[in-house]
Amino acid sequence: MTVIRRENVPSEAMLPTEYGSFRIQVFHEPSTGFDHVAMILGDMLGPDPVLLRVHSECLTGDVFRSERCDCGPQLNSALETIVEKGWGVLLYLRQEGRGIGLHAKIQAYHLQDEGADTLDANLMLGLPADNRDYSIAADMLKELDVADVNLLTNNPEKVNQLQSYGINVVERTPLIVGVNDTNRAYLSTKAERMGHHIKNDDL
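What counts and how
- Residues numbered from 1 in each chain as written.
- Predicted model: local features only at pLDDT ≥ 70, side-chain atom pairs only at ≥ 80, totals over all residues.
- Heavy atoms only, no water.
- Helix = DSSP H or I, 4+ residues; strand = E, 2+ residues; numbered from the N terminus.
- Rg over C-alpha atoms; globule rule 2.2 N^0.38 Å.
- Buried < 20%, exposed > 50% of the residue type's maximum accessible area, 1.4 Å probe, protein only.
- Contact = heavy atoms within 4.5 Å.
- Lys, Arg positive; Asp, Glu negative; His and termini not counted.
- Charge placed at Lys NZ, Arg CZ, Asp CG, Glu CD.
- Salt bridge = Lys/Arg side-chain N within 4 Å of Asp/Glu carboxyl O.

### Some thoughts on the overall build of the protein chain
From N to C terminus, the protein chain includes eight helices and seven strands. A globule of 203 residues ought to have a C-alpha radius of gyration of about 17 Å, and the protein chain, at 17 Å, matches this closely. Counting only C-alpha atoms, the protein chain reaches 50 × 35 × 35 Å along its principal axes. Burial statistics for the protein chain: of 203 residues in total, 50% are counted as buried. Taking the intrachain contacts of the protein chain between residues at least 6 apart in sequence as the baseline, contacts between residues at least 24 apart amount to 61%. Here the protein chain carries 18 positive and 30 negative side-chain charges, and the mean point of each set is 1 Å from the other.

Next up, the structure:
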């Protein structure tokens, strides 16, 4: 197990949001020092697979509303969808910039400003196109007794990794939101070069 819950004073509380009232729970990852978050609505005992969003931190999109990516709209839409369903989980992972960190992410943005696409910018920095590892997400889900999920994602690698770590992805629901003139080429690159399930009509 790679996550620790500090049980002497539980890192768990109710968190009212503009979408609804969630239970927030924090998991510590000793190998990185990061604290990851689960936003939980309802119990996990329904007959359907648990509606799940695994969302990687994006300071520029989630906080500053950058239009370079679709991260902020995906986060908002996932929370809204979970509330509409009535139960589900959103995991917020501290894997900024597809796992390369904020500093390198902004360096990659600079290269994109000069004409590189989102994949080549990472490679030009000597970094992987996507450095995320979803084993931490699988560990968190197991701690929450979640096994069968309906995953809100366009990313097939996320599906493959979760399944390889023992999470049964029964369904995949697309999450295509926040398309604009600024990020259209970025999303097209993710579809054409990184295998994301995004159709031309979606763009």
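Having seen it, we continue.
### Here we look at the pattern of salt bridges
This structure, assessed with the given rule, holds ten salt bridges. Notably, a salt bridge pairs Arg-94 with Glu-57, separated by 3.1 Å at the nearest N-O pair. You can see Arg-94 sitting in the loop between strand S5 (88–93) and helix H3 (96–99) and its partner Glu-57 sitting in the loop between strand S4 (50–56) and helix H1 (59–63), a full 37 residues away along the chain. For Arg-94, a relative accessible area of 31% translates into the label partly exposed. Of the residues examined, Glu-57 reaches a relative accessible area of 18% and is grouped as buried. Through salt bridges with shared partners, a single ionic network connects Asp-117, Asp-120 and Arg-193.

### Focus on unusual backbone geometry
With glycine set apart, most residues show a phi of negative sign, and most peptide bonds adopt trans. Although it is not a glycine, Arg-98 sits at a positive phi angle of roughly 55°. The exposure class assigned to Arg-98 is buried, which follows from its relative accessible area of 13%.

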